[in-house]
Amino acid sequence: MRRKVATRWLAGGATAVAGAVVALALQIPNASAATNLSLGAGADGSSKASGTSYGNVIDGNPSTYWSPSGSTGTVSVKWGSATTVSSAAIVQASGGGSISGWQLKNHDTGSVLASGSSAPGTINFSSTSLKKISFVITSASGTPRIAEFETYSSGGSTPTTSPTSGPTSSPTASPTSNPGTPTGAWPSSAGSVSISGTVSVSGTFDGGMKTYCCIGDGGQGESQDPMFKIANGGTLQNVILGSPAGDGVHCEGTCTLRNVWWNDIGEDAATFKQTNGGTSYVIGGGARNGSDKTFQHNGNGTVNISGFYLKGSGKLYRGCGNCSTSHTRHVRIDNVLVDDIDMLAGINSNWNDTATITRVVVIGSATICGKYKGVPKGSEPSYLGEGWNDANCKVNRSDVTFR
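Below or above, wherever it landed, is the structure these notes cover. (Residues numbered from 1 in each chain as written. Predicted model: local features only at pLDDT ≥ 70, side-chain atom pairs only at ≥ 80, totals over all residues. Heavy atoms only, no water.)

1. What about the overall build of the protein chain?
Step number 1: In terms of regular secondary structure, the protein chain is built from 0 helices and 28 strands.
Step number 2: The proportion of buried residues among the 403 residues of the protein chain is 57%.
Step number 3: Across the protein chain, every contact between residues at least 6 apart in sequence was considered, and the portion connecting residues at least 24 apart equals 65%.
Step number 4: With an accessible surface of roughly 15,100 Å², the protein chain has 46% of that area assigned to carbon and sulfur atoms. (Helix = DSSP H or I, 4+ residues; strand = E, 2+ residues; numbered from the N terminus. Buried < 20%, exposed > 50% of the residue type's maximum accessible area, 1.4 Å probe, protein only. Contact = heavy atoms within 4.5 Å. Areas by Shrake-Rupley, 256 points an atom, 1.4 Å probe, with all protein chains shown as cover.)

Okay, structure coming up:
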């Protein structure tokens, strides 16, 4: 009989765990940081739903958001003088409609800088000097919720394996949705927290870059308990998971994992169970020492992975091919560095899954986008082959660098 473990509910940025108060800011290398130009800028738009504000997309707080009055609308970031921008990050709040069409426009000239037909994440475009940039939602399944409209002067260079000198002891003021370029450097732990069972998180939990340990046996056995269970809309950030970490992190709905590191992947690093059609985010962080999947997507909607480093694993992402409920799933992978893995993304093409992949560096060799035939629970999916630049695998060979 499997031992029943204790569960603790945690909320807010400063939370007591095992008698320790964890309320430390993000610690990442300064070289990985980028300046969000939207902070301190102005904002306006075409309409706003009751209780929301244009200013919520530039306040640096992912728990506040703007929504249009319907399923379409425009929100803009503006400056008093011309500002050079070449990258934007759209961070969606949970509970809103799923965006199926959008444009990023230079409001000064009306020109379209970028566009898409699925949930946006990090958007790169030609460097442009402008006073106002607009995110235009052209179609959605309901009323979307935009938590942050971040803008940057540089979209970042191609990921590199040259390590930095290591994490700085001086934290940044707040977490950022642009994690910078992954280098392969591993963060130093700020201390240890011992837990005996699953820690359940509601709201935002900041681990202060401490190492949380340990549950499970470190193996591939199914149905191990997770170390963290994140409620719908929750955020886990600045945490190192020690070994063994059970089944890692479970996101019960849409969630954000920001600057989370797995010393040993164990069964899976994180499992996404969302069924609201929204987007979950993995922003920065890294994982190592896995033998199968890193991120397992069991629900629907989109998982957006950016700025992540993976060392030694089977797959970075796998859309479940034999869960009890079949879903269409999407993954967006941008600006990642992987070393000694078998496959970047595994999707089920017969269920119309998609993988959108940009700016990837692979150390060694790996299948980039593997297509499977999803099957009912109890059967095993069959592998159909690798895809490039097609309806399911939205990746060009120029988007991937092998070293």
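Resuming the write-up.
2. So, the packing of aromatic side chains
Step number 1: Throughout the structure, instances matching the rule amount to 13 aromatic pairs.
Step number 2: Relative to tryptophan 66, the ring of tyrosine 54 lies with its centre 6.5 Å away and its plane at 35 degrees, an arrangement referred to as tilted. Here tyrosine 54, found in the loop between strand 4 (42–45) and strand 5 (73–92), pairs with tryptophan 66, found in the loop between strand 4 and strand 5; they are 12 residues apart in sequence, far enough to count as distant. Each member of the pair, tyrosine 54 as well as tryptophan 66, is classed as buried.
Step number 3: Ring plane angle 35 degrees and centroid distance 6.0 Å describe the contact between tryptophan 102 and phenylalanine 135, whose orientation is recorded as tilted. With tryptophan 102 in strand 6 (residues 99–106) and phenylalanine 135 in strand 8 (residues 122–140), the pair connects residues that are 33 residues apart, well separated along the chain. For the pair tryptophan 102 and phenylalanine 135, one class covers both residues: buried.
Step number 4: Within the aromatic cluster, the residues linked to one another by ring pairs are Trp262, Phe272, Phe295 and Phe308.
Step number 5: A cation over an aromatic ring shows up here: arginine 288 above the ring of tryptophan 186, its NZ or CZ 3.9 Å from the ring centre.
Step number 6: Directly above the aromatic system of tyrosine 372 lies the positively charged group of arginine 318, at a separation of 4.0 Å from the ring centroid. (Phe/Tyr/Trp six-rings, centres within 6.5 Å; stacked < 30°, edge-to-face > 60°. Lys NZ or Arg CZ within 6 Å of the ring centre and 35° of its normal.)

3. Brief notes about the nonpolar core
Step number 1: With 52 residues, the main nonpolar core has Phe228, Leu257, Trp262 and Ile305 as its most contacted residues.
Step number 2: When residues of this core are assigned to their parent elements, the largest contribution, 8 residues, is made by strand 23 (residues 329–348).
Step number 3: Among all residues touching phenylalanine 228, those that are not within four sequence positions of it are Thr198, Val199, Val201, Phe205, Tyr212, Leu236, Val239, Leu241, Gly248, Val249 and His250.
Step number 4: Ranked by size, the runner-up nonpolar core spans 25 residues in total, among them Ala41, Val57, Ala114 and Leu130. (Core = buried A, V, L, I, M, F, W, Y, C linked by side-chain atoms within 4.5 Å.)

4. Digging into the environment of glycine 101
Step number 1: By the secondary structure assignment, glycine 101 is in strand 6.
Step number 2: By relative accessible area, glycine 101 is classed as buried at 5%.
Step number 3: Setting aside anything within four residues of it in sequence, one finds glycine 101 in contact with Gly116, Ser117, Val136, Ile137, Thr138 and Ser139.

5. Regarding the environment of aspartate 342
Step number 1: Tracing the sequence through the fold places aspartate 342 in strand 23.
Step number 2: Placed 26 residues apart in sequence, aspartate 342 and isoleucine 368 show a C-alpha to C-alpha distance of 8.6 Å.

6. Description of the pattern of salt bridges
Step number 1: Counted by the stated rule, this structure contains 8 salt bridges.
Step number 2: For the salt bridge of lysine 78 with aspartate 44, the shortest nitrogen-to-oxygen distance reads 3.1 Å. Pair noted here: lysine 78 is in strand 5 and aspartate 44 is in strand 4, with a separation of 34 residues, a long-range link.
Step number 3: A relative accessible area of 32% places lysine 78 in the partly exposed class.
Step number 4: Here aspartate 44 falls in the buried class, since its relative accessible area comes to 19%.
Step number 5: With its nearest N and O atoms 3.8 Å apart, the salt bridge here joins glutamate 252 to lysine 273. Of this pair, glutamate 252 sits in the loop between strand 15 (249–251) and strand 16 (256–262) while lysine 273 sits in the loop between strand 17 (270–272) and strand 18 (279–283), and the two are 21 residues apart along the sequence.
Step number 6: Sharing partners across several salt bridges, the network here consists of Asp44, Lys78 and Lys132. (Salt bridge = Lys/Arg side-chain N within 4 Å of Asp/Glu carboxyl O.)

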